[in-house]
Structures are given as structure tokens and as C-alpha cells.
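Geometric and topological summary
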Amino acid sequence: HTRPTPVPGNLTQFEHLALSSPVNLADGHARQELTPGQSRIVGELPALWADVLARPVEEVEAEAYRTYFELLGQYGHRLPSTRVLSCYSSSVAMEIFARSLAAVADTALLIHPTFDNIPDILRGAGLALRPLEEEALHGGDLDPAVLRSVGCVFVTTPNNPTGRVLAEERLRALAAQCAEHDVVLALDTSFRGFDTRAQYDHYAVLDGSGCRWVVIEDTGKLWPTLELKVGWLVFPEPVGLPLSEVYSDILLGVSPLVLSMVRRFAEDAAGGGLAELHRFIAGNRAVVREVLAGVPGIGFPHPHSRGSVERVELGARSALEVWSALREHGVHALPCRKFHWADPARGEHGLRVALARPTSSVLAGARALRSVLLPG
Ligand SMILES: N=C(N)NC[C@@H](O)CC(=O)C(=O)O
């Protein structure tokens, strides 16, 4: 008699359960097959190892973030005031940011919904949180009374799991409000690689705004690099946060081999790989929508999302019950309850499906979901 698995307490624990499952459509990490160009880079790793041994690490690091940032339209790293700190992952970067922010502020205004490790990390650093609904963020200026009550506005863009992108004009207006109220503006841009609408030069806008800002960039969601990735903390000096000091508590630096591999993947992406990835993800999104078409009560609340995840609304069905039924088929998706960190009930009927997977896995998972939704 096996003990029933307790319901995981956060999204990453759901994802951990999925790691060894036959069809893992839970986490937002890239698990599609390597392209031929990417496979060739894997074959180059021994040569890259020798190459980085012969070069200064700061040169390898600058080459990596320049190539990656400029692949995605971001040129502000060239500004003399810009600092870039390389971290083992975007969540490590987030932890460093949270500890630094907590040294100078006690409350953050955080986009809602979003991936729950963000509020968990911010609260873990002792910060109180207020939710910023997407509609309010995209709708126009924020309420000055709210801005006066927080030390930071934190926005995930493109957002997870909605795919909603902060448009350039909205970023400009938000940064101006943050400058006016001396509120730190923080952006988590982990999904920007999937959406060209998120690839206008954010740094040009931020640098011109006069506000204090921090951007977290992430290479880990785009390419299937077995968790070999970099999270970058990007900010202007002075930013009024002890980022460098807290960084030095956590690490000295990331592997130059990983930096160099990221640079090569970014070069391959610039040579056509990124457009191919977008087509691949769009194809997998179409598979999910086609297989589930016609199932009563099913909805796709984010029709314009281009991110590597798709939220499916299940009508009156409980996402947790569907998640359990899917597990019987060896398939894992992600119940959306915990994305709604300030109002979990709004995630009760949502299920997120990962799209950065082999198309055969997406097809198998969507078919299993259809069979669970249409029993008999
Ligand atoms: N440090 C954590 N918790 N990592 C998981 C996170 O990367 C997964 C994610 O962002 C997503 O599945 O959308």
C-alpha cells in the first residue's frame, strides 16, 4: 500500500514530481530536442573548454551577455553606468535582488498572477507584498497612493503564465512614475526570448527614465542546455541597493564554460535559430489547441501568448482533479492555483501546459488531457 503523494506546496514542487515522468509538461524549462546547429555546439564543448582556459573570464563573460542581450534587442549593457552580475540562475539573481531590496524597503508591488517562487523569494527576504493586477498594470498609470506605499514595483514581462508583454510606452510611463516616487522598478524578463514584442530596447527606456531599476535576464528557458544557464542581474550604478555586496555573499562568478556555451547558443539563435524556435513553439501551441478543440467548457484565456507555456481553462472542472487524473496516464501539467499568489481561487480551474518539449510529447500530453476531459 503506497502512501498517497501529498499535494505539493508550491509550483516548483509540482514540477519536481514531474521531472522523471514519461510526459513532463509541467516546468517552463526548455526540454525540446537540440537542433542540428545546437548539437554541433555541444560537440564543440571540449574546444570551448580549452578556449576559455586561455582567456580572461571578464572577456568571456562580457562576450556572453553582449551576444545574448543583443540577440534580444537589448543594447543598454553598453551604457557606462550599466553593471551586469552573472548568477547560476534567474532565481539566484532574484534572491540576491530580494535581499538587497529588503535592506532599503519593506513592501513591493508585485504583478498578479505570476510564478509563485517570485512572491515566495520576496517574502522570504522579509518583504510585504501588494498585488498588481495585470489589467491595472497595462491599463494606465498606477495609483500614486499605492506607489507611495511601496519601495518597488516588480513586473514579470512577458508574464507567466499569461504571456502578457509590457509595451514600450507602458514601460516608459511606469518608469517615469517610479522615478517620480523614487520606487525601484524591477523586471523579470525570463520569457522575453520567445516574444519579439518583448525585444524593444528596455534599457534605453529605463536609462532615459531617471528611475532606479533592476532587470533579471535568464538564458534557462530558451534552449535545452540541461540546466546549464545564466541568470543576469542588470542595473545602473548607483542604484541605491547593495546588489554587489549581497552578490559577493552568494557567489564569486559562474562557469566561463557555461558563459561561453550560452554565447555560442546565442550566436546560433542570431543565425536563424531564434526564428525557428518561435515557429516550433507556435506549432506546439497549435497542437494543444487543435487536440482540445471542441471539448466542452475548455478555454484558452491567453490567445496572443507566444511564451513556451499555454494556460488551459477547464471550465467547472478542478485543475487539481485533472492534474491527478493526468498523472495516472504518466502525464504532468501544472495546476494554476499557485500563480494566483494573492487570490488562489482564481487559479482553481486553470492548467498550464509546457510547450518547449518534443512535439510528440505535447501531442501525447494533449491527447491524454482530452481523454481525461472526455471520459467514456
Ligand atoms: N527556482 C525555481 N523555482 N525554478 C523553477 C522555475 O524556473 C520554473 C518556472 O519559472 C516555470 O515553470 O515557469
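Model, not experiment: these values are computed from the prediction.

Observations regarding the site of the ligand
Near the ligand you find Thr12, Glu15, Asp27, Gly28, His29, Ser91, Phe115, Asn117, Asn160, Phe191, Lys221 and Arg352, and these make up its full shell. For the ligand, an oxygen atom lies 2.8 Å from a polar atom in the backbone of Gly28. One of the side-chain nitrogen or oxygen atoms of Asn160 is found 2.7 Å away from an oxygen atom of the ligand. Out of a free accessible area of 360 Å², the ligand has 83% covered by protein chains. Most atoms of the ligand, that is more than half of them, are within 2 Å of grid points of the largest pocket. When the residues that make up the shell around the ligand are grouped by side-chain class, the tally is two nonpolar, six polar and four charged.

Considerations on empty space enclosed by the protein
A full pass over the atoms with the stated rule returns one cavity of 30 Å³ or more. Its boundaries defined by the atoms lining it, the largest cavity holds a volume of some 60 Å³. Every residue lining the largest cavity is listed: Leu25, Val288, Leu292, Leu326, Val331, Ala333, Leu351, Val353, Gly365, Ala366 and Leu369. Listing elements by their share of the lining of the largest cavity, those giving two or more residues are α11 (256–292), β12 (350–354) and α13 (359–373).

Observations concerning the packing of aromatic side chains
Applying the stated criterion across every chain yields a total of 13 aromatic pairs. An angle of 80° between the planes, with centres 5.3 Å apart, marks the rings of Phe69 and Trp232 as edge-to-face. Of this pair, Phe69 sits in helix α3 (residues 57–71) while Trp232 is found in strand β8 (residues 231–236), placing the two residues 163 residues apart along the sequence. For the pair Phe69 and Trp232, a shared accessibility class is recorded, and that class is buried. When the ring of Tyr203 is compared with that of Trp213, the centres are 5.5 Å apart and the planes differ by 55°; the resulting orientation is tilted. Note that Tyr203 is positioned in helix α9 (residues 202–207) and Trp213 in strand β7 (residues 213–218), a separation of 10 residues in sequence. As far as burial versus exposure is concerned, Tyr203 and Trp213 are alike and both buried. An aromatic cluster is present here, built from Tyr65, Tyr68, Phe69, Tyr203, Trp213, Trp223, Trp232 and Phe265 joined pairwise through their rings.

A look at the nonpolar core
Within the largest apolar cluster, 117 residues are counted, with the highest numbers of intra-cluster contacts made by Phe97, Val153, Phe154, Leu185, Trp232 and Leu243. Contact partners of Val153, with chain neighbours within four places excluded, come to Leu109, Leu132, Leu142, Leu147, Leu174, Cys178, Val183, Val184, Leu185 and Ala186.

Looking at the sheet that holds strand β3 (residues 107–112)
Strand pairing within a sheet occurs via backbone hydrogen bonds; the two strands may be parallel or antiparallel. Across the sheet, seven strands lie side by side as β2-β8-β7-β6-β5-β3-β4; this open sheet has mixed pairing. Whereas interior strands pair on both sides, the edge strands pair on one side only; in this sheet they are β2 (82–87) and β4 (128–133). Here the average twist between neighbouring strands, direction ignored, is 20°. Strand contacts of α3: β2, β7 and β8, with the helix running at about 85° to β8, the strand carrying the most contacts.

Describing the layout of surface pockets
Roughly 500 Å³ of internal volume is contained in the largest pocket. His29, Ser91, Phe115, Asn117 and Lys221 are the residues nearest the centre of the largest pocket, which is lined by 27 residues in total. Looking at the lining of the largest pocket, the elements that each hand over two or more residues are α1 (11–18), α4 (90–102) and α5 (117–124). Taken together, Val57, Glu61, Tyr65, Val84, Leu85, Ser86, Tyr247, Leu252, Gly253, Val254 and Leu259 make up the lining of the second largest pocket. Counting residues per element, the ones that place at least two in the lining of the second largest pocket are α3 and β2. Taken together, the residues of the lining of the second largest pocket sort by class into eight nonpolar, two polar and one charged.

Observations regarding α3
In this model α3 runs 21 Å from its N-terminal to its C-terminal C-alpha over 15 residues, within 8% of the 21 Å that 1.5 Å per residue would give. Buried residues of α3: Val60, Glu63, Ala64, Tyr65, Thr67, Tyr68, Phe69, Glu70 and Leu71, and no others. Buried residues belonging to α3 abut α2 (36–53), β2, β7, β8 and α11. One or two steps after α3, the chain reaches Gly73, where phi turns positive at roughly 80°.

Structural notes on the pairing of strand β9 (residues 309–313)
Summarising burial for β9: four of the five residues are buried, a large majority. Here β9 runs beside β12; their pairing, made up of five bridges, is antiparallel. Counterpart to Val309 in the pairing with β12 is Ala354.

A look at the packing of α3 against α11
Packing of α3 against α11 brings their axes to within 8 Å, and their N-to-C directions diverge by 30°. Of the possible angle classes, the one that applies to α3 and α11 is roughly parallel. Crossing geometry of α3 relative to α11 is assigned as left-handed. The segment α3 lies against α11, with Val57, Val60, Glu61, Glu63, Ala64, Thr67, Tyr68 and Leu71 engaging Pro256, Leu259, Ser260, Val262, Arg263, Ala266, Glu267, Ala269, Ala270 and Leu274. For the contact of α3 with α11, the residue count by class is 12 nonpolar, two polar and four charged.

What counts and how
Residues numbered from 1 in each chain as written. Predicted model: local features only at pLDDT ≥ 70, side-chain atom pairs only at ≥ 80, totals over all residues. Heavy atoms only, no water. Near = heavy atom within 4 Å. Polar contact = N/O pair within 3.5 Å; in protein donor to acceptor, adjacent residues only side chain to side chain. Areas by Shrake-Rupley, 256 points an atom, 1.4 Å probe, with all protein chains shown as cover. 1 Å grid on protein atoms, 1.4 Å probe; cavity = no way out; pocket = protein on both sides within 12 Å on 5 of 7 lines; lining within 4 Å. Sits in = over half its atoms within 2 Å of the grid points. Nonpolar A, V, L, I, M, F, W, Y, C, P; charged D, E, K, R; others polar. Points joined across faces, edges and corners; volume = space filled by probe spheres on them. Helix = DSSP H or I, 4+ residues; strand = E, 2+ residues; numbered from the N terminus. Phe/Tyr/Trp six-rings, centres within 6.5 Å; stacked < 30°, edge-to-face > 60°. Buried < 20%, exposed > 50% of the residue type's maximum accessible area, 1.4 Å probe, protein only. Core = buried A, V, L, I, M, F, W, Y, C linked by side-chain atoms within 4.5 Å. Contact = heavy atoms within 4.5 Å. Pairing = 2+ DSSP bridges. Axes fitted to C-alpha atoms, helices over the stretch in contact; angles between N-to-C directions. Expected span 1.5 Å × (residues − 1). Parallel < 35°, antiparallel > 145°, perpendicular 65-115°, else oblique. Left-handed = near helix turned anticlockwise from the far one by under 90°.

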